[in-house]
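# Observations on chain architecture
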Number of protein chains: 2
Amino acid sequence: MTSEQFRAYGHQLVDWVADYWDRLPALPVRPEVRPGSIAETLPAAPPEQGEPFPRMLADLDRVVTPNLTHWQHPAFFGYFPANTSGPSVLGDLVSAGLGVQGMLWSTSPACTEVETVMLDWLAQLLDLPAAFRAGGPGGGVIQDSASSANLVATLAALHRASGGAWRESGVDGRFTVYTSTEGHSSIEKAVRIAGLGARALRLVEVDDDLAMRPDDLRARIAADRAAGAVPALVVATIGTTSTTAVDPLPAIGPICREYGVWLHVDAAYAGAAAVCPELRDTHAGLEYADSYCFDPHKWLLTGFDCDAFFVADRAGLVDALTVLPEYLRDAASGVIDYRDWQVPLGRRFRALKLWFVLRWYGAEGLRAHVRTAVAAAARFADLVRDDGRFEVVAPHPFSLVCFRLRASDETNQELLRRINATGRAFLTHTRVRGRYVLRLAVGAPATGPEHVVATWRLIQELAGELS
Amino acid sequence: MTSEQFRAYGHQLVDWVADYWDRLPALPVRPEVRPGSIAETLPAAPPEQGEPFPRMLADLDRVVTPNLTHWQHPAFFGYFPANTSGPSVLGDLVSAGLGVQGMLWSTSPACTEVETVMLDWLAQLLDLPAAFRAGGPGGGVIQDSASSANLVATLAALHRASGGAWRESGVDGRFTVYTSTEGHSSIEKAVRIAGLGARALRLVEVDDDLAMRPDDLRARIAADRAAGAVPALVVATIGTTSTTAVDPLPAIGPICREYGVWLHVDAAYAGAAAVCPELRDTHAGLEYADSYCFDPHKWLLTGFDCDAFFVADRAGLVDALTVLPEYLRDAASGVIDYRDWQVPLGRRFRALKLWFVLRWYGAEGLRAHVRTAVAAAARFADLVRDDGRFEVVAPHPFSLVCFRLRASDETNQELLRRINATGRAFLTHTRVRGRYVLRLAVGAPATGPEHVVATWRLIQELAGELS
């Protein structure tokens, strides 16, 4: 592709993306698609000769957009949001164009140093404990997702709990890991990947607000210790996936200290809330944490993938993950080689999109984004409470509201099915205390209070048909 | 950012990328940078108010480009190449703009189905065994890198070797893993992450061509089995990182079958060569493999990250990795949920860049790209052999040439330092049979024979200064 072609097609695609965003509100959030029907429209074999670019452009509208669940749609309220934004896309474009690989400092110094500074900026924006800043013994790194951050934290914890012997001798059935019954599925997956098996995972009971009960955590750690186990890791959550419950770090932290257990805090979604001082009480007690992660790609206007992972002791993390063959040895010393902070070896220049986002919006713009979503969710919860047919089933400290019809699980399931079938909104579900519950998560940049109100009117209307 | 702003800035950035590529040949491949000097030029704190976009654009030229190792430079011969191309960057731009998340089929059907078809296209382009196609019990998936593919293969192997008990009970010190002394560092890392510890890793001896010795593999497996161990995984390599040695699958495969050991083939770099029929003998015996991976982001014109990972039995892989909480349950059945084929939960629409690349170049264009690099490497090797001061130290079946001055390790190390200090070429090193060796890897799209010849003249000149 010549330079001239790249410029011409590139301009067309930039406009295509802008057009896509412009017409998003008119598209169904989730289309009706029969499994296999998209693959059928594609040739079974790759082309022998190259094709002209306009054909690919045309296929975007023919094959791709009609068959997407539109995560950037203003009425996408499912899962947690996966925000992106103009400056994020543009930063990513530069990253793709540069095509550098930041596994070592020396393989692209700017890739590493801009990332270190951006993670420090994030630490300041969220007012994280000083231990997580790169100026001291800690620091931050971009992981692809909180799943990977939780895995890396698990490995660092095993390394510490074994006094380093884990690197040579592996795990041996003694290590135990703790999270609440509401902890994310990626914790179970990390425990499995690390070779501990599900039997090593302790699911700590939760209180009425679905937050981890410190007394139960202490009892389990003490019992395991007494039985000869080695408690290695506690994963506490700020903003659980089901209901955004907040585990009480001020009570959990001292227990971890007392027993010498690594405390990792998973704030994948809710961490972004800490850009607002009035929401920072959710992060109280974070100074006890050995590691912490949150996803700018969820609620901070940065495209997937961008998880920010912080450790208080980077030397321990690097010691756990480093492998140094001859072909990767390099003269530069005293520098950060992010290869040793993650599972993969290679890495893209993901800090660029973060740099563009943080500068374009500034701290004020990021706070405004979070506040808009929190206010819209509060408005929605008020509307739910005003309708006697419904109930809000859990606290909503952030921008997720869990609610249900005062009816059977089957009726609630059918309500969700009908909402999503309209294509006018997309919600997902969970179970709270065994009951089927609908989740409405606000966070897409295009979502305003009007979309939340319109969705509520739709839900009311469909609920009427069901009674 | 408004739609109009995005269009205007987007066009500017597309042009910026094109300009960057146009001026790349004139830039030093690797600049002289003092560690910390880039971070010093950035503000210590994030801005309170948003900044105008032109400032970010200006900082690309001030902060970023002067401090990069330019992986797309025509004289970048280090490590293995990490190619990108115009169509790859454009596909990635669409992916970033759509901002969808393909963890489940239902969370964006096109994201999953286009990926499945693209992996089938790759399987055909490389003429992989039919077992790896999605039409049967196997199939392919995009991982971020071969490191992650090697880890996922390790987990699937442990699951199978334990009869599924591993999910519940973890590892127990009995499992063993085999690769050659030339296997990639990510295998050691995968073994560590999986909780096996370095003591579980067996480094099989290599022959004179640095390929795995099947007799030694068999002896080690048999001895381990006799000692009560459970041989779980053999990782064979097509194109080792040091010298691109090819392990003999036709001999290794039957041993794995005989002992019921999972055979994973890591062709991270050299897999792309199989687009050319005349280079496919390197893949002989691949029908024995349970899994296989190669990186289109290395040598197939696709930007990082894009590793293609194939399994012969997708059910076993999914069973090893699935975790299903209520909030991820979804009605669609009989579909592929790629979340269960990888470590992280979330995933970008990476198949788009592959789709654009395979269509823009076509099979013919991809073959031409590989052949250009192989021919340039052969030309370089001939030049080295024609100069009595030098020697080629290993076979070069692909586009990597390992060579050295017939002099001390220190002299070779100094030669490499001087080459890279010129900024006119960038090479890396390895050790072969204990000796310090220079590596020249060809593969950047902009690299032609003339760059290889010019680099050889530079090397000769600098060698002259050293004698």
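Throughout this document, residue positions are counted from 1 along each chain, in the order its sequence is written. Whichever chain is written first becomes A and whichever ligand is written first becomes 1, with later ones labelled in order. Since the coordinates come from a predicted model, pLDDT governs what is reported: local features require at least 70, and pairs of side-chain atoms require 80 or more to be given and counted, while whole-chain, interface and lining totals use all residues. Side-chain measures here rest on the full set of heavy atoms in the structure, leaving out hydrogens and waters.

## Some points on the sheet that holds strand 4 (residues 230-237) of chain B
All names here are of chain B. On the basis of which strands lie adjacent, the open sheet formed by seven strands has the order 1-7-6-5-4-2-3 and mixed pairing. The sheet is open, and its two borders are formed by strand 1 (139-143) and strand 3 (201-204), each paired with just one other strand. Across the sheet, the mean angle from the axis of one strand to that of its neighbour is 20°, orientation sign disregarded. As defined by bridge partners, strand 2 (residues 175-180) adjoins strand 3 across four bridges and the pair is classed as parallel. Note on strand 3: the bridge partner recorded for V177 is L201. Note on contacts: a residue pair is in contact if any heavy atoms of the two residues lie within 4.5 Å. Convention adopted: a line fitted to C-alpha atoms gives each axis, helices being fitted over their contacting stretch, and angles between N-to-C directions are expressed from 0 to 180 degrees. Helix and strand assignments follow DSSP, with helices taken as H or I runs no shorter than four residues and strands as E runs no shorter than two, numbered in order from the N terminus. Along the sheet, helix 4 (residues 109-125) contacts strand 1, strand 6 (291-294) and strand 7 (307-311); its crossing angle with strand 7, the most-contacted strand, is approximately 85°. Contacting strand 1, strand 2, strand 4, strand 5 (262-266), strand 6 and strand 7, helix 5 (residues 146-161) crosses the sheet at an angle of about 175° to strand 5. In this analysis, strands are considered paired if DSSP registers two or more bridges between them.

## Quick notes on the relation of the copies chain A and chain B
The least-squares superposition of copies is restricted to C-alpha atoms, and to residues with a pLDDT of at least 70 in both copies. Mapping chain A onto chain B calls for a rotation angle of 180° and an axial translation of 0.0 Å; the resulting RMSD is 0.0 Å. Both chain copies can therefore be described as sitting about a two-fold axis. The residues that chain A uses at the interface reappear at the interface of chain B in 100% of cases, marking a shared surface.

## Remarks on the sheet that holds strand 11 (residues 435-441) of chain B
All names here are of chain B. Within the open sheet, the four strands sit side by side as 8-9-11-10. Their pairing is antiparallel. Only two strands of the sheet have a single partner each, and these edge strands are strand 8 (390-392) and strand 10 (428-432). The mean inter-strand angle of the sheet, taken between neighbouring strand axes irrespective of direction, is 40°. Pairing analysis gives five bridges linking strand 10 to strand 11, with the strands arranged antiparallel. Bridged to T428 within strand 11 is R439. Lying over the sheet, helix 12 (residues 351-386) contacts strand 8, strand 9 (400-405) and strand 11, oriented at roughly 15° with respect to strand 9. On the sheet, helix 14 (residues 449-466) packs against strand 8, strand 9 and strand 11 and is oriented at approximately 135° with respect to strand 8.

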